[in-house]
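Here is what each chain is made of, one letter per residue.
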Amino acid sequence: ATQHRLWPEIDRISVEQLRYARLGVGEGGWQLFAEDGEMKMYKREEESNGMVVDPLKACHVVRGVTGHEMCHYFFSPDVRMEWETTVEQMTVIEKIADDTLVFLQVHKRIWPASQRDALFWSHMRQVPDHNDRDGHDIWIVCNHSTDNSDFPQSNNGKCVRVTLTVCLVCQTFIDPPKDGAKITRDDITCKITYCSVVNPGGWAPASVLRAVYKREYPKFLKRFTAYVIDQCKDKPIMF
Ligand SMILES: CCCCCc1ccc(-c2ccc(S(=O)(=O)CCO)cc2)cc1[C@H]1C[C@H]1c1ccccn1
C-alpha cells in the first residue's frame, strides 16, 4: 500500500519524542513542581509570542502493569472518556492504520479563557530497547497536532485550537520469580515518562494557564495510571 502523506512526519516526531523523553531532567532548566509518591512532575517556564507554552515532563513508576498495557489504554479511543475528565467531546476523524488515528477533541472550557479544541494524530509503537541489559521493550504513544481541511480551526468561532505534542514512553521491568514460576503482576513494574507541550493557540492569562497546568497535569496522570491498574488487575498480562 502507498504510504500515507503524514507517515514521514509521524515517524520523525515519534523518534524525536522518544529521544526527548529519555533525556534526564538534570540539565535543561527543569523545575520540579509536583510530587506524589513515585510521580514527579517537572516543568520549564517558556513563552511563545507572549503565550505560556511551558513544557512538562512527568516521571512515574507504576507496579503491576506493563508498558504495552499503559500505551494500549492511553491510545484507545474506546476508553478515552473513562479517564479523560477535561474532554467534552472526542471524535476519531481518520484511521491511518491500526496503530495510528487522528483525533478531534473539544476540551471543557476553563474560565475565564475561551474553550479549546485539539486536532492531532496519535501513533503507538513498540521500540526494541537494545541498550537495556534486561532487554525490555519500550512502548510509546505520540500525539502531535495536525491540520485537516474538513475541520478548520475555530469551527463557527466556538473553539480556539491548541497545538500540542505529547508522548507517553513506557518501559517494563520484570523481576523474574524464583525457579521459573509463572510471572504474575507482582513481578512487573512500568517506568513511565510523559512529556507534553501545549500551545494554547490564542491568548490566555499566564497566571490562569500556569494554575491550570499545576492543577490538571498531576490529576490527569494520577487518574490515568489508576484507571489502567484497575482495568488490568483481573486480566491476563499483555506483555
Ligand atoms: C485555557 C487552557 C488552554 C489549554 C487547554 C488544554 C487543552 C488540551 C490539553 C491536552 C490535550 C491532550 C492531552 S493527551 O495527553 O494527548 C491525552 C488525550 O486527551 C493532554 C492535554 C491540555 C490543556 C491544558 C489545560 C491543561 C491540561 C492539562 C492536563 C489535562 C487537561 N488540561
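Anything mentioned here points back to the structure above.
Just so you know, these numbers come straight off a predicted model, no measurement behind them. (Residues numbered from 1 in each chain as written. Predicted model: local features only at pLDDT ≥ 70, side-chain atom pairs only at ≥ 80, totals over all residues. Heavy atoms only, no water.)

**Comments concerning the layout of surface pockets**
Estimates place the volume of the largest pocket at around 180 Å³. Forming the boundary of the largest pocket are 13 residues, of which A21, R22, V169, K191 and T193 lie nearest the centre. When contributions to the lining of the largest pocket are tallied by element, the ones reaching two or more residues are α1 (7–22), β5 (56–63), β11 (163–174) and β12 (188–199). In terms of residues, the lining of the largest pocket owes the most to one element, β11, which gives 3 residues. Taken together, the residues of the lining of the largest pocket sort by class into 7 nonpolar, 3 polar and 3 charged. (1 Å grid on protein atoms, 1.4 Å probe; cavity = no way out; pocket = protein on both sides within 12 Å on 5 of 7 lines; lining within 4 Å. Points joined across faces, edges and corners; volume = space filled by probe spheres on them. Helix = DSSP H or I, 4+ residues; strand = E, 2+ residues; numbered from the N terminus. Nonpolar A, V, L, I, M, F, W, Y, C, P; charged D, E, K, R; others polar.)

**Overview of the environment of I188**
One can find I188 in strand β12. The exposure class of I188 is buried, given its relative accessible area of 0%. Along the sequence, I188 and E94 sit 94 residues apart, while their C-alpha atoms lie 34 Å from each other. Not counting residues within four places of it along the chain, the set of residues in contact with I188 comprises R63, G64, V65, T66, F173, I174, I183, I237 and F239. (Buried < 20%, exposed > 50% of the residue type's maximum accessible area, 1.4 Å probe, protein only. Contact = heavy atoms within 4.5 Å.)

**Details of the packing of aromatic side chains**
Under the criterion given, the structure shown has 12 aromatic pairs. For the ring pair Y20 and W30, a centre distance of 6.4 Å and an interplane angle of 55° mean the geometry is tilted. Taken as a pair, Y20 in helix α1 and W30 in the loop between α1 and β1 (31–36) lie far apart in primary sequence, 10 residues in all. Exposure class is identical for Y20 and W30. Each is buried. Ring centres of F74 and F224 lie 5.4 Å apart, and the angle between their planes is 70°; this geometry places the pair in the edge-to-face category. With F74 in helix α2 (residues 67–75) and F224 in helix α4 (residues 206–232), the pair connects residues that are 150 residues apart, well separated along the chain. Per residue, the accessibility class of F74 equals that of F224, and both read buried. A cation sits over an aromatic face here: R44 above W30, 4.6 Å from the ring centre. (Phe/Tyr/Trp six-rings, centres within 6.5 Å; stacked < 30°, edge-to-face > 60°. Lys NZ or Arg CZ within 6 Å of the ring centre and 35° of its normal.)

**Side note on the pairing of strand β8 (residues 116–127)**
The element β8 is extensively covered by neighbouring structure, given that 11 of its 12 residues are classed as buried. The pairing of strand β7 (residues 100–107) with β8 spans 7 bridges and is antiparallel. Across the sheet, the residue bridging to V102 is W121, located in β8. For β8 and strand β10 (residues 160–161), the ladder comprises 2 bridges, and the chain directions are parallel. (Pairing = 2+ DSSP bridges.)

**Considerations on the side chain of Q115**
Take Q115: it is sitting in the loop between β7 and β8. For Q115, a relative accessible area of 11% corresponds to the buried category. Here the side chain of Q115 touches H107 through a polar contact of 2.8 Å, landing on its backbone oxygen. (Polar contact = N/O pair within 3.5 Å; in protein donor to acceptor, adjacent residues only side chain to side chain.)

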